[in-house]
Amino acid sequence: MQEDSLRIAVLVTSYNRVNVTLRCLGLLLEGFAGLDTVAAEVFLVDDKSPDGTGDKVRECFNSVHVIEGTGQLFWNGGMCLAFAKTMGEAFDAYLLFNDDSAVHPERVTRFISDFVRLNQVSPAILVGPMTSVDGKPTYAGFRRVHRLRPLSFAQVLPNGALQRVDAFNGNFVLIPGAFMRRVGGLDPGYRHSYGDLDLGLMAKKEGIGVILWSQPVGVCDRNPPLSSILKGQSFYNRLKYLFLGKNHISQYIHFCWKHMPKILFPGYVILYSVRIFFTAIKKY
């Protein structure tokens, strides 16, 4: 893989935070602007945002491919649709990008150079860590805790060097194009969650390196904690949020089935369901 011919497809899902989306897209495109040898195309799914995100992105960035969603795609569904729109073109790499990730433009150049260097040796995914506004680590990579606990992960934070990990948060992740096309992009069996974790584990199974970058590539605050989301909600609404909608339990079942010994599968699903039920009845 040569940096002087690198074509990158940027996959983005957006919903109803137009000012944040415009700011973060601007910073990303500023980072790419200094790379004469890299051609990046942005494929952004606007999932029927009430604030008109799609139209405003078109107005501000006419080079961005804006794709209309159904209103029920959520994150993983939107990323699957964005990837589908790239099929038929031979992109060298795909960038998973969260539209609330404010990258440091000057670091994008170094990040891509490291990605190219790694892939000249063997195929590798490069994960860009994130911090909060006050500099605390937020999103990064993960390692499996133990082979007998296949769905338990410990977060790995940047330490100034490249580190091997097993999975990742999909805020800013650059992935070899050949691998993405071979697996068909993110798994449509997920609605909102697990698609990024799944992709990392699939890469490991295929012998693709998953590497955490040496330093944070940008700023992305954590989502609100579950307790604050559930606080004040009725029992019915808490159950609905935890089991249905974007958090549909079928996602966890699908993730378990793909990535753990089948003999452990029934126990994990039962324990997960019990834990979520007690989360719903807890007082906040």
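Below or above, wherever it landed, is the structure these notes cover. All figures in this text were calculated on a predicted structure; none of them were measured in a lab.

## Considerations on the layout of surface pockets
Move 1: The calculated volume of the largest pocket comes to roughly 1,900 Å³.
Move 2: As for the largest pocket, its lining consists of 45 residues, and the residues nearest its centre are His 192, Ser 193, Asn 223, Lys 246 and Asn 247.
Move 3: Mapped onto the lining of the largest pocket, the elements with two or more residues apiece are β1 (6–14), α3 (74–84), β9 (149–156), α6 (195–205), α7 (226–230), α8 (235–243), α9 (249–259) and α10 (265–281).
Move 4: Among the elements that make up the lining of the largest pocket, the one with the highest residue count is α9 (four residues).
Move 5: Counted by class, the lining of the largest pocket contains 21 nonpolar, 16 polar and eight charged residues.

## Here we look at the pattern of salt bridges
Move 1: With the rule as written, the count across this model stands at eleven salt bridges.
Move 2: Between Arg 7 and Glu 89 there is a salt bridge whose closest N-O contact spans 2.9 Å. With Arg 7 in strand β1 and Glu 89 in the loop between α3 and β4 (93–97), this pair connects stretches of sequence that are 82 residues apart.
Move 3: A relative accessible area of 31% places Glu 89 in the partly exposed class.
Move 4: As a salt-bridge pair, Arg 182 and Glu 206 come within 2.8 Å of each other at their nearest N and O atoms. Of this pair, Arg 182 sits in helix α5 (residues 177–183) while Glu 206 is found in the loop between α6 and β13 (209–212), placing the two residues 24 residues apart along the sequence.
Move 5: Put simply, Arg 7, Glu 41 and Glu 89 are held in one network by salt bridges that share partners.

## Digging into the pairing of strand β2 (residues 38–46)
It is a general feature of regular strands that their side chains alternate between the two faces of the sheet.
Move 1: Bridge count between β1 and β2: nine bridges; the pairing is parallel. Bridging across to β2, Val 12 finds its partner in Leu 44.
Move 2: Between the parallel elements β1 and β2, the chain passes through helix α1 (residues 18–33) in a crossover that is right-handed.
Move 3: Bridge count for β2 against strand β3 (residues 65–68) is four bridges, and the pairing is parallel.

## Comments concerning the packing of aromatic side chains
Move 1: Scanning all chains against the criterion turns up 15 aromatic pairs.
Move 2: Pairing Phe 111 with Trp 213 gives two aromatic rings, centres 5.3 Å apart and planes at 75°, and the pair type is edge-to-face. Of the two residues, Phe 111 is situated in helix α4 (residues 105–121) and Trp 213 in the loop between β13 and β14 (218–219); the sequence distance between them amounts to 102 residues.
Move 3: On the accessibility criterion, Trp 213 (1% relative accessible area) is buried.
Move 4: With centroids separated by 6.4 Å and ring planes inclined at 70°, the aromatic side chains of Phe 142 and Phe 153 adopt a geometry described as edge-to-face. Of the two residues, Phe 142 sits in strand β8 (residues 141–146) while Phe 153 sits in strand β9, which places them eleven residues apart along the sequence.

## Some remarks on the nonpolar core
Move 1: Among the nonpolar cores identified, the biggest contains 40 residues, and Ile 8, Val 10, Phe 32, Leu 95, Phe 97, Ile 112 and Phe 172 are the most heavily contacted of them.
Move 2: Residue assignment for this core shows that the elements contributing at least two residues are β1, α1, β2, β4, β5 (102–103), α4, β6 (124–127) and β12 (172–176).
Move 3: Per-element accounting of this core gives the leading share, seven residues, to α1.
Move 4: The residues contacting Phe 32, other than those within four sequence positions of it, are Ile 8, Val 10, Ala 40, Leu 95, Val 108 and Ile 112.

## Section: the sheet that holds strand β10 (residues 163–164)
To summarise the sheet geometry, strands pair through backbone hydrogen bonds and adopt either a parallel or an antiparallel arrangement.
Move 1: Pairing is mixed in the open sheet, where eight strands are placed in the order β3-β2-β1-β4-β12-β6-β13-β10. Each edge of the open sheet carries a strand with a single partner, namely β3 and β10.
Move 2: Docked against the sheet, α6 engages β4, β6, β12 and β13, running at close to 130° with respect to β13.

## Section: the packing of α1 against α4
Move 1: One can describe the packing of α1 onto α4 by two numbers: an axis separation of 7 Å at closest approach and a directional angle of 55°. With respect to α4, the axis of α1 lies oblique. The crossing of α1 and α4 is right-handed. Contacts between α1 and α4 involve Leu 27, Glu 30, Gly 31 and Phe 32 on the former and, on the latter, Pro 105, Val 108, Thr 109 and Ile 112.

## Let's talk about the side chain of Thr 53
Move 1: Considering the arrangement of structural elements, one finds Thr 53 in helix α2 (residues 53–60).
Move 2: Looking at Thr 53, its side chain comes within polar contact range of the side chain of Asp 51, at 2.6 Å.
Move 3: Once residues lying within four places of it in the same chain are set aside, the contact partners of Thr 53 are Ser 14, Asn 16, Arg 17, Val 18, Thr 21 and Asp 46.

## Here we look at unusual backbone geometry
Move 1: The backbone of Asn 16 sits at a positive phi, close to 60°, despite the residue not being glycine.
Move 2: Note that Asn 16 resides in the loop between β1 and α1.
Move 3: For Asn 16, a relative accessible area of 34% translates into the label partly exposed.
Move 4: A positive phi is found at Tyr 194, a non-glycine position, where the angle reads about 80°.
Move 5: Summarising the element assignment, Tyr 194 is placed in the loop between α5 and α6.
Move 6: The exposure class of Tyr 194 is buried, given its relative accessible area of 19%.

The rules behind the values
Counting restarts for each chain, with residues numbered from 1 along the sequence as it is written. Totals for whole chains, interfaces and linings use all residues, but because this is a predicted model, local features are given only for residues with pLDDT of at least 70 and pairs of side-chain atoms are given and counted only at 80 or more. Heavy atoms throughout the structure, all of them, feed into the side-chain values; hydrogens and water do not. Within this scheme a cavity is a closed region of a 1 Å grid, computed over the protein atoms alone, that accommodates a 1.4 Å probe without allowing it to escape, whereas a pocket is open but has protein on both sides within 12 Å along at least five of seven lines; lining residues each have an atom within 4 Å of a point. Grid points are joined across faces, edges and corners, and a volume is the space filled by probe spheres set on the points. Working definition: helices are DSSP H or I runs of at least four residues, strands are E runs of at least two. Numbering for both runs from the N terminus. Amino acids are sorted into nonpolar (Ala, Val, Leu, Ile, Met, Phe, Trp, Tyr, Cys and Pro), charged (Asp, Glu, Lys and Arg) and polar (every other residue, Gly among them). Criterion for a salt bridge: a side-chain nitrogen of Lys or Arg within 4 Å of a carboxyl oxygen of Asp or Glu. For the exposure calls, accessible area comes from a 1.4 Å probe over protein chains only, and a residue counts as buried if that area is under 20% of its type's maximum, exposed if over 50%, partly exposed in between. Strands are labelled as partners when DSSP assigns at least two bridges between them. Crossover handedness is defined here as right-handed if the route from the first strand over the helix to the second strand goes clockwise, with the strands pointing away from the viewer. Side-chain rings of Phe, Tyr and Trp, where Trp is taken by its six-membered ring, are said to pair if the distance between their centres is within 6.5 Å; with planes under 30 degrees apart they count as stacked, over 60 as edge-to-face, and otherwise as tilted. Definition of nonpolar core: a set of buried residues of the types Ala, Val, Leu, Ile, Met, Phe, Trp, Tyr and Cys, connected through side-chain atoms within 4.5 Å. Whether two residues are in contact is decided by their heavy atoms: any pair within 4.5 Å suffices. Axis lines are fitted to C-alpha atoms, over the contacting stretch for helices. Their N-to-C directions set the angle, which ranges from 0 to 180 degrees. Throughout this description, any angle smaller than 35 degrees is read as roughly parallel, any larger than 145 degrees as roughly antiparallel, any in the 65 to 115 degree range as roughly perpendicular, and the remainder as oblique. By the definition used in this description, the sense in which the near helix is turned from the far one sets the handedness, with an anticlockwise turn below a right angle giving left-handed and a clockwise turn giving right-handed. In protein, a polar contact requires one atom able to donate a hydrogen and another able to accept it; more generally it is a pair of N or O atoms within 3.5 Å, and residues adjacent in sequence count only if both atoms are side-chain atoms.

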